[in-house]
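The primary structure of each chain is shown beneath.
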Amino acid sequence: MATNPSMPPTQDPNTPKEWEAASSAVLNVIRCFVDGLRSAPCLKAPNTKEDITAIIQDDVSLFGHLQSMGVVERVQSLNTPSQPLQQQSRVEEQQNSRELQLILLDHYKGDDRKQILHQIIHPLLKQLQKCYAALDTIESSMPPSKEKSETKDKTVKGKRKNAAPPPLGMLSLNDYVNVACLLEFTVSISLIPALEYPYLYKLQLNPYKNNNVGKNSRDGSGIQFPKVTSNTTTMAQKRIQALPKPLAGRISRAALTWGSTYAAKKHDSLHKTICDSNNKFHHNSETKHITPQQLYYVYSTYQAYTEITSLATSIGQLVLLDRFRPMLLPRHLSDIYLGLYIAERLRWVLLGLEKNMLPELQSDVLSLPLMWGERDVEKWNSSELHSLERALLFSSLKFHSSLISKADSNEESMVTRTIDHREAALACRTLLSGGAAMNNLEQASTTNPSIIPPWLRMRLGQFLTTLAGDNLQSVVDVFVAYAHGHGGNTDGDENGSNDMGDEIMTGAAARLARALCAKPAGAAGGQPSLEHDSTLFIEKLCNQFVEFLVDEGQQHIKKSKETENYELVRSRSSVAMSLTLWSTIGQLSMDMFLSTFVRLLSSGLFPREDSDRSQQHDAIQSTAAIGAFLATTPSSLDPSVKEKLNAMLVSPLSNTKGCNNQTLLGQILRLASFFCEDTGSAESKLVVELDSPAISGKSEDTSFLNVAVMTIIQTVQVITRLVSNGSNQREYDVVANALLKAVSVNPFDEDRYSFDRAVSSRNGFLNPPCYIVAKRGNNVVDSSDLMKGIEKRAKVLVHRVIAPLSQTVDEMTDEMNDTDAWMRIVPSSLFRLVLQNHFSNFNQHNDTSKQTSNHKDEEELRVASTALLALLCEECSPGLLLGGDNEEENGVLKTLGLILESGAALLGDEKGTNSQSEHAEEVLSTASIVLSLLVAILELGAEKRSESGEVMFQSMMPSLRTLSCGGDVQSAELSSMVTELAEMASHALALVAARNEVVTQDGSSKPRAAAGDKSDLELIVDHITEAEHDLESSQPPLRAKGVVTLRHIARSLATIEVSHAPKKSLVIEVDSVKTSDGSEEQLVLLARTLARICLIALADSESYVYLASIHTLVAISDVCPSEIITLMGTVVSKGTISITVLMNGARETPVEMSFVQEQRIKAVEALIFIIRRRGDGIFLNGPSLLETMLFGQMKMSTNHVGATQDLSQLIQLQTHEYFQRSQEDGDDEVEARMRIGTGGPVFSCEEDDLLRSAAISLVCELISTLHPAVIAQYCHALVRLASDALQLESSRPVRRSAALLARELYACVMREETADEGIEKKSTSAMAIAMVCAGEDKLVNALTRCVTATDVDVGNSLSVKAKSRLVDPATQSRSKEALVMRGELEIIFQMAAVVAKSMEREAKDPAVEAVRKALSESI
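In this text, all values refer to a predicted model and were calculated from it rather than measured experimentally. (Residues numbered from 1 in each chain as written. Predicted model: local features only at pLDDT ≥ 70, side-chain atom pairs only at ≥ 80, totals over all residues. Heavy atoms only, no water.)

Novice: I keep staring at unusual backbone geometry and nothing clicks. Help me out?
Specialist: Of all residues except glycine, most have a negative phi; of all peptide bonds, most are trans. With phi around 60 degrees, L393 is a residue other than glycine that occupies positive phi space. On the secondary structure map, L393 appears in the loop between α15 (369-391) and α16 (421-435). Taking relative accessible area as the criterion, L393 reaches 27% and is therefore assigned partly exposed. Within the chain, A1349 stands out as a residue other than glycine whose phi angle is a positive 60 degrees. Locating A1349 in the fold gives a position in the loop between α54 (1336-1348) and α55 (1369-1384). (Helix = DSSP H or I, 4+ residues; strand = E, 2+ residues; numbered from the N terminus. Buried < 20%, exposed > 50% of the residue type's maximum accessible area, 1.4 Å probe, protein only.)

Novice: Please clarify how the confidence of the model for the protein should be interpreted in this entry.
Specialist: Reading predicted coordinates in detail is not appropriate for stretches of low pLDDT. In the predicted model, the protein carries a mean pLDDT of 75, and 68% of its residues have values of at least 70. Per-residue pLDDT, averaged within each element of the protein, yields its smallest value for strand β8 (residues 1067-1069) (41) and its largest for helix α7 (residues 173-190) (93). In this model residues 485-497 is a low-confidence stretch, pLDDT under 50, and it forms 33 contacts with partners more than four residues away in sequence or in other chains. Scored below 50 in pLDDT, residues 761-765 makes ten contacts in the model with residues more than four places away or belonging to other chains. (pLDDT = per-residue confidence, 0-100. Contact = heavy atoms within 4.5 Å.)

Novice: Even after reading the chapter, I still don't get the pattern of salt bridges, so can you show me in this structure?
Specialist: Any two side chains of opposite charge can pair if their charged atoms end up close together. What the rule picks out here adds up to 25 salt bridges. A salt bridge links E1158 to K1162; the shortest N-O distance between them is 2.9 Å. Of the two residues, E1158 and K1162 are both situated in helix α45 (residues 1157-1174); the distance of four residues between them amounts to about one turn of the helix. What makes K1162 buried here is its relative accessible area of 7%. The shortest N-O distance in the salt bridge between E1289 and R1252 comes to 2.6 Å. Separated by 37 residues along the polypeptide, E1289 in the loop between α51 (1275-1288) and α52 (1292-1314) and R1252 in helix α49 (residues 1247-1265) bring together distant segments of the chain. (Salt bridge = Lys/Arg side-chain N within 4 Å of Asp/Glu carboxyl O.)

Novice: Even after reading the chapter, I still don't get the packing of α52 against α54, so can you show me in this structure?
Specialist: For any two helices packed against each other, the geometry is given by the interaxial angle and the distance between the axes. The N-to-C vectors of α52 and α54 enclose an angle of 130 degrees; their axes lie 11 Å apart at closest approach. Between α52 and α54, the interaxial angle falls into the category oblique. Crossing of α52 over α54 shows left-handed handedness. Two secondary-structure elements touch here, α52 through R1295, A1302 and Y1306 and α54 through E1336, L1339, V1340, L1343 and C1346. (Axes fitted to C-alpha atoms, helices over the stretch in contact; angles between N-to-C directions. Parallel < 35°, antiparallel > 145°, perpendicular 65-115°, else oblique. Left-handed = near helix turned anticlockwise from the far one by under 90°.)

Novice: Please clarify how helix α17 (residues 454-470) should be interpreted in this entry.
Specialist: For an α-helix, the turn length of 3.6 residues means that residues three or four places apart are oriented alike. Spanning 17 residues, α17 covers 25 Å between terminal C-alpha atoms, matching the ideal 24 Å at 1.5 Å per step. By the burial criterion, the buried members of α17 are W455, L456, R459, L460, F463, L464, L467, A468 and G469. (Expected span 1.5 Å × (residues − 1).)

Novice: Is there a simple way to think about the side chain of R459 in this case?
Specialist: Relative to the helices and strands, R459 resides in helix α17. Beyond its immediate chain neighbours, meaning those up to four positions away, R459 contacts Y341, E344, F394, S395, S396 and L397.

Novice: Even after reading the chapter, I still don't get the environment of S1291, so can you show me in this structure?
Specialist: Among the structural elements, S1291 can be located in the loop between α51 and α52. Once the C-alpha coordinates of S1291 and S1253 are considered, the two residues, 38 residues apart in sequence, prove to be 9.2 Å apart. Side-chain polar atoms of S1291 contact the side chain of D1249, separated by 2.8 Å. (Polar contact = N/O pair within 3.5 Å; in protein donor to acceptor, adjacent residues only side chain to side chain.)

Novice: What's the story with the packing of α16 against helix α18 (residues 472-481) in this structure? I'm lost.
Specialist: Two elements in contact, α16 and α18, have axes whose closest approach is 8 Å; the angle formed by their N-to-C orientations is 35 degrees. Our pair here, α16 against α18, has a crossing hand that is right-handed. Along its contact with α16, which presents H421, R422, A425, L426, C428, R429 and L432, the element α18 presents S474, V475, D477, V478 and F479. Tallied by class, residues from the contact of α16 with α18 come to seven nonpolar, two polar and three charged. (Nonpolar A, V, L, I, M, F, W, Y, C, P; charged D, E, K, R; others polar.)

Novice: Even after reading the chapter, I still don't get the nonpolar core, so can you show me in this structure?
Specialist: Burial of nonpolar side chains together is a common tendency in soluble globular proteins. The biggest cluster of nonpolar side chains holds 269 residues, and the ones touching the most others in it are F185, Y337, F597 and F629. Residue contributions to this core peak at 14 residues, all from helix α13 (residues 325-356). Leave out the neighbours within four places in its chain, and Y337 touches L392, F394, I419, A424, A427, L431 and F463. Of all hydrophobic cores here, the second largest spans 102 residues; its members include V1043, C1120, A1166 and F1389. (Core = buried A, V, L, I, M, F, W, Y, C linked by side-chain atoms within 4.5 Å.)

Novice: Hey, could you run me through the packing of aromatic side chains in this one?
Specialist: One pair of aromatic rings is described through two measures. These are the centre distance and the angle between the planes. Enumeration according to the criterion identifies 20 aromatic pairs in this entry. Ring geometry for W258 and Y262: centres 4.8 Å apart, planes at 20 degrees, overall stacked. Of this pair, W258 and Y262 both sit in helix α11 (residues 253-284), separated by four residues, roughly a single helical turn. Seen in terms of ring centroids, Y337 and F394 are 6.4 Å apart; in terms of plane orientation they differ by 55 degrees. Their pairing is tilted. Taken together, the residues span a long stretch of sequence, with Y337 in helix α13 and F394 in the loop between α15 and α16 at a distance of 57 residues. Overall, F394 belongs to the buried group, its relative accessible area being 5%. Taken together, F33, F185, W258 and Y262 form an aromatic cluster joined through their ring pairs. (Phe/Tyr/Trp six-rings, centres within 6.5 Å; stacked < 30°, edge-to-face > 60°.)

In structure tokens, the structure reads:
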């Protein structure tokens, strides 16, 4: 037994010291209680880690253990609040409930869980809350301590002198841990059992399922009174996994599972007793009465409600105190919310019971004395519950029942400080992520053992919606910014993140947007009230989004004032808010998007109305907000979002209040021109000095101008993404038309609305200075003012937007990617549009000009086009205006076609030609120049352009037809001009038509020749002769064309057979020649003929000619691989060949050819391409080619003509400069390795060695392709070649190739050993054994000397002076790679050495030789 503590006063304390003593006494009892839990025999967990469930023994009582320690006595000695306990007897029970009363009394007395809750935990929590609430109140009312102010800065040897006194009732860390253990144990025995066995608390999906209560069923058969069929502690163990470490060391895991296990045990005991009593009642009753099971059903439901509300209020009021809020609220806030939702659900269940069965059972139920005690507890909790809900921002559903007391709203709340919206959102996230999951035992689900009930998920969603309506940022931070993923664990407010492509956050934002914008069920059905509430909620969301964008825009303005070039680092919270905004836009309807979001976002750009109190932003704030909004546009947009953005940015805002069919782009451009109001002296200048006297008084507005310009650029960029994928010029014309309309006059200009700087706003909402749209002067508009406005806007657009884009494009040296293509396309599209408006009649335009509605609009667009055309020609480069040099865009052809279309439209309109002679002469003279250019392009240009270019030619044919027809022109000057145009147009039309005739036959140009009566073979030879004639040309392009022709012939021979049978067709195409009487000999002859010409072309000095010859040889090898590979092998090895080819009319003619070393080296390159192309198929010709390279009669020079010692030193110096250049230029390791791998420069005196080096490289290629078993047969020669070359050669190219050969040999061994991994190995390590037998150890020594550079001349060393061998980094690098492979194969070579030694001994053993001889003879 624990000793009795000192008794506190019987009355409430009055002084701070007394309250401190009372709080200390409570903490001592809590510590004693926690120690009792640690020492309880029934809470000793098994030694195994797999089972942490507490052992429940019938003869061991936890409450009895705590009572024996004096915990109950010490709790009763405290001055606890006057909360009533469940009373055991107050009046005599009625006849029909006496038996149930006795059962419940016995059960209550023996229920340790309830006894601990009612007699220990709840009194402790209430007293602790009372003490510290009083202490907090006393300390807040106390004046500041003099000691604190006097000793604030006084220190003695680094320590404070007379430190300030601690706060009243200060808790130690151990006290906090004990209180946390008490709360955790309370949740484990009261709330967790409801999650483990929800059907015992009436929390199943449908508590009235198969329930006949209220349907005259008094036998209780329809009431659900299940028995616990399977004990589980799943929910408890799941919670224990997230238990903080201080608590895990203080309270045992068995204690935290005790509540669930004990509740199930006691329920089963009570279940058996009540069922026996119910059966006895039916057996003895002659008339129908209320059964004990029915009475218990109502009582147990009500008792569960009081238990959960007591839990929520006790824990909630404690953790909301300032002393406990930081350490305990984060963990238990979700528990409190869950308790409130469960209590709300139980009120709904009680309401259903009251409607169905309580009228008949009311007298019996209320006669239970235990029911009286529960009702007293419920009345006590009602006011505290109401206060707690207000503090938690919780609005419960109203279920009015006679069993539930109404809270007194006038009663003073004990909780004065509400929680933050962010804390509430975090609690909801905890519940939705599994904290509210309940065992799904009623469905016996094995795949999903725990789920969140739909009713609870729905209520959590409603609560989150309410939170979002009040503080959206908090909800977004919790559910989007803190979403786990890329950077998901970082704090959204502390760590920056510009990643708008975060997939985890994007998915979380999409889910949140769908939840926020989901319509209530009644609103979908057309209920006006719910639909109105939904609309108001969407307006709240949009208003918060707009405020967020305004704040983001203000950050941009602030940064732009501080520095010109800045990059605003966005927090993760800001990125999450932007992603949620875009996801929400996808869920909004078009009308809601325009009438609510766009109206609020752009309110400052349109006239302000006194009655509209939503316009709380000025023009700068709205512009900056729009810029911030467009700057975060996602990389991919769904069609609905594109449609909404198009309606916002391109179409007039007719659905937005006060916009008067204006566009955002036009208003922002007018705002930018307002800050450049007096730029007349700065005409034709790219940069206007805003601080000049011409615009004095506006120097502080420079950043505002930059914001407006950047918003225009972002708007244009987004529009280009909306209307096009970069391939359709007509779609880009929409962007150009929007810019042209923004420059032109709008109704606001005619009504004299303009931007003005206001000292204060009329409504008092804005802080001065602000910029608003105001009406100036009278209603009479002057046309000169309109013209000045157009010129001003045109200058701002060109100087501030188009010209900087032109400069950016000109400065970009690399190829422009798709995301930046709009910078080139938009200026050219705008140029073509204004050019078209300037040169043509508007009523004859295409769809981009048909958007104009009347003659007045046409004239305004014409004026704006004229102003823009002059500025564009002056400020932008011609290449940019014409569309650049991108062949796919065909900017020049588009411009030519546009002018021809304008001239054709003019000739098609007789009135236009005669009435506007000055305008017609300008158009037709320009069209004449354009036609001459078009004819030159058709006659002298490429025979085949890109597909889009050919389409452009075809699109000109209607205009050319119109121009070629001429027309009736009364003016003599125009008549001669029209006649000349008709002649040129008819010629151009014929050229285009002829071009179309060629193209329609086949997509590619093919060689043709007159067939006559020639055979297929003769026709092919004729084409070969034509190609050979081209190769003899002095023009490199013609020579390259001849080689390409040979390649076409080779490709055609790969799938055809030829014969001497004559053809009747007039025109023969090589690709279409197919006969059935051909022979293999003819193909061989043709292949040799083609190869002869290509081998000769290898001597060409132009790279694209001999490279084409190399690839043509590869194509020829596809026709006759055996013949061509053997032929080229002979070329490489001997340098001369004697073959029979077709010449002079398909006659077989023997020829002898000799090749210089340059041709032989290029032939090696062709052979390497052939080997790589054929892959494993080279095994047919590879061995013979390998023998040719190794044992053929190689005719090559080995002496270095003119390579003196001084020259060798010069080569060494320049080579080192090449390799050192990479380090001096700052190249990375990969670039340096690439330089070493290429081998550096080759000098003329080394060309003789290049052929030998190329031959060894060809051998290396064969080794890398052929099977190791084949290579093993040549190992002696290969190993000796590599080692001798490394040891004896002084030529750098040869030594490089030898090092490469060594590396490929080891790679072949590696391939042999790893080729059959995962299956039964069939390798006998033949390659490794062969290399060992060939003296592989000598090769290792040679490679080691190369890596360490011990075999070269160093300084004045004379050790190897006779060899004139110098350091070569490429040789060192390849040797090092070979040694690395050798190190990986060390075990293999050790084993191979053993096998080789054994084979050597066997070869010398006479007995083995005799056995082998006998076996061979027997076979």
